[in-house]
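Take a look at the letters that make up each chain.
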Amino acid sequence: MMVYFLSAGLSFDLAGETVKTLKDKEPELFVIGRGSRWMLLFEGHKRSLALMEYDRTKAITSLDEGQPVIPVWLDEIYQQLQQKLKA
């Protein structure tokens, strides 16, 4: 997870906090093959990124406004990790 967030451009501190928050919201975070879809969405009024369940409409609206959206699709991240471990 840390590598994913760091590769998305988050600082080490923010990546660590995001993993902690995600672990609190998604208890089965580290159970391979399980997991839901989340996103980090920029909240302009707070000038911060908020972790929330993935909502396609909100993501598109944010992108249309020129704001960043970082998908955190645990199922996809697990699949990529499995492929790398098999190689």
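Reading the values: the criteria
- Residues numbered from 1 in each chain as written.
- Predicted model: local features only at pLDDT ≥ 70, side-chain atom pairs only at ≥ 80, totals over all residues.
- Heavy atoms only, no water.
- Buried < 20%, exposed > 50% of the residue type's maximum accessible area, 1.4 Å probe, protein only.
- Helix = DSSP H or I, 4+ residues; strand = E, 2+ residues; numbered from the N terminus.
- Pairing = 2+ DSSP bridges.
- Phe/Tyr/Trp six-rings, centres within 6.5 Å; stacked < 30°, edge-to-face > 60°.
- Expected span 1.5 Å × (residues − 1).
- Arc of directions from axis to C-beta.
- Contact = heavy atoms within 4.5 Å.

**Comments concerning the pairing of strand β1 (residues 37-43)**
Burial analysis of β1 places five of its seven residues in the buried class, which makes it a mostly covered element. Bridge analysis of β1 against strand β3 (residues 69-73) gives five bridges, and the strand direction is antiparallel. Residue pairing in the sheet places leucine 41 in a bridge with valine 69 of β3. In this sheet, strand β2 (residues 48-53) lies alongside β1 in antiparallel orientation, the contact comprising six bridges. The partner of methionine 39 across the bridge, within β2, is methionine 52. The turn joining β1 and β2, which pair antiparallel and follow one another in sequence, is formed by four residues; a positive phi near 55° is taken by arginine 47.

**Remarks on the packing of aromatic side chains**
Applying the stated rule across the entire model yields two aromatic pairs. Between the aromatic rings of tyrosine 4 and phenylalanine 5, the centroid separation amounts to 5.7 Å while the plane-to-plane angle is 65°, which identifies the pairing as edge-to-face. On the basis of relative accessibility, which here comes to 25%, the residue tyrosine 4 falls in the partly exposed class.

**Comments concerning helix α4 (residues 74-86)**
Over its 13 residues, α4 extends 18 Å from the first C-alpha to the last, a length consistent with the 18 Å expected when each residue adds 1.5 Å. Listed as buried for α4 are Leu74, Ile77 and Tyr78. Seen along its axis, α4 keeps its buried residues to an arc of 100°; they face one direction. α4 presents Gln83 and Lys86 as exposed residues on the side facing more than 90 degrees away from its buried surface. Buried residues along α4 sit against α1 (2-7), α2 (12-25), β1 and β3.

**Points about the environment of threonine 21**
Here threonine 21 shows up in helix α2. Threonine 21 sits in the partly exposed class, given a relative accessible area of 31%. Measuring from C-alpha to C-alpha, the distance between threonine 21 and leucine 51 comes to 7.8 Å, with 30 residues separating the pair along the chain.

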